[in-house]
Amino acid sequence: FRMASAIDVKQHLVFLKEPNNVIGYQLNCKALKDTWRSILVLHNPNSLPSKISLPSKANWKVVVQGASAGTRVLATLKGAKTVMIPGQSTLVLEK
């Protein structure tokens, strides 16, 4: 996906309200004509894991977890409503 303007960012990036200092945001990629409909990025700066509610119950595909990152699916969270993010790590999910 590519966001070519500030207007694209304002329209297609939404910051989520997450607990415990976790930073989360979701990108609407379908509107950007990407093959992924939605990307969810979660950053846990804490030393302990955090349980996070996902914005929608879905089959989320994990593409970044720990030291593994890319476009290859690492795992699928089938019908997941929540996810546990290890401490001091980033998790990227797509659906």
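Residues numbered from 1 in each chain as written. Predicted model: local features only at pLDDT ≥ 70, side-chain atom pairs only at ≥ 80, totals over all residues. Heavy atoms only, no water.

A. The arrangement of the nonpolar core in detail. Counting 13 residues, the largest nonpolar core has Leu54, Val83, Ile85 and Leu93 as its most contacted members. Elements with a minimum of two residues in this core: strand S3 (38-44), strand S4 (50-65), strand S6 (75-85) and strand S7 (89-94). Per-element tally for this core: the top contributor is S4, with five residues. In this structure, valine 83 is in contact with Leu42, Ser50, Lys51, Ile52, Leu54, Leu77 and Leu91, ignoring residues within four places of it in sequence. (Core = buried A, V, L, I, M, F, W, Y, C linked by side-chain atoms within 4.5 Å. Buried < 20%, exposed > 50% of the residue type's maximum accessible area, 1.4 Å probe, protein only. Helix = DSSP H or I, 4+ residues; strand = E, 2+ residues; numbered from the N terminus. Contact = heavy atoms within 4.5 Å.)

B. Fine view of the environment of tryptophan 36. Among the structural elements, tryptophan 36 can be located in the loop between strand S2 (23-28) and S3. The spacing of tryptophan 36 and lysine 95 is 59 residues in sequence and 6.0 Å in space, taken between C-alpha atoms. Looking at tryptophan 36, its side chain comes within polar contact range of the side chain of glutamate 94, at 3.4 Å. (Polar contact = N/O pair within 3.5 Å; in protein donor to acceptor, adjacent residues only side chain to side chain.)

C. Highlighting the pairing of S2. Direction of pairing for strand S1 (residues 13-16) relative to S2: antiparallel, over a ladder of four bridges. Along S2, the bridge assignment pairs phenylalanine 15 with tyrosine 25. The antiparallel hairpin formed by S1 and S2 contains six residues in its connecting segment, where asparagine 20 sits at a positive phi of about 55°. Taken together, the six bridges between S2 and S3 define a ladder with antiparallel strand orientation. Counterpart to asparagine 28 in the pairing with S3 is serine 38. (Pairing = 2+ DSSP bridges.)

D. How the structure looks around the environment of lysine 78. Secondary-structure assignment places lysine 78 in strand S6. Look at lysine 78 and you get exposed, because its relative accessible area is 70%. In the structure, lysine 78 is positioned 41 residues away from arginine 37 in sequence and 16 Å away in space, judged by C-alpha atoms. With residues up to four places along the chain from it excluded, the contact list for lysine 78 reads Ala58 and Asn59.

E. Local environment of unusual backbone geometry. A positive phi angle, close to 55°, is found at asparagine 20, a residue other than glycine. Mapping asparagine 20 onto the fold places it in the loop between S1 and S2. Positive phi outside glycine occurs at asparagine 21, with the angle close to 65°. Mapping asparagine 21 onto the fold places it in the loop between S1 and S2. For asparagine 21, a relative accessible area of 60% corresponds to the exposed category.

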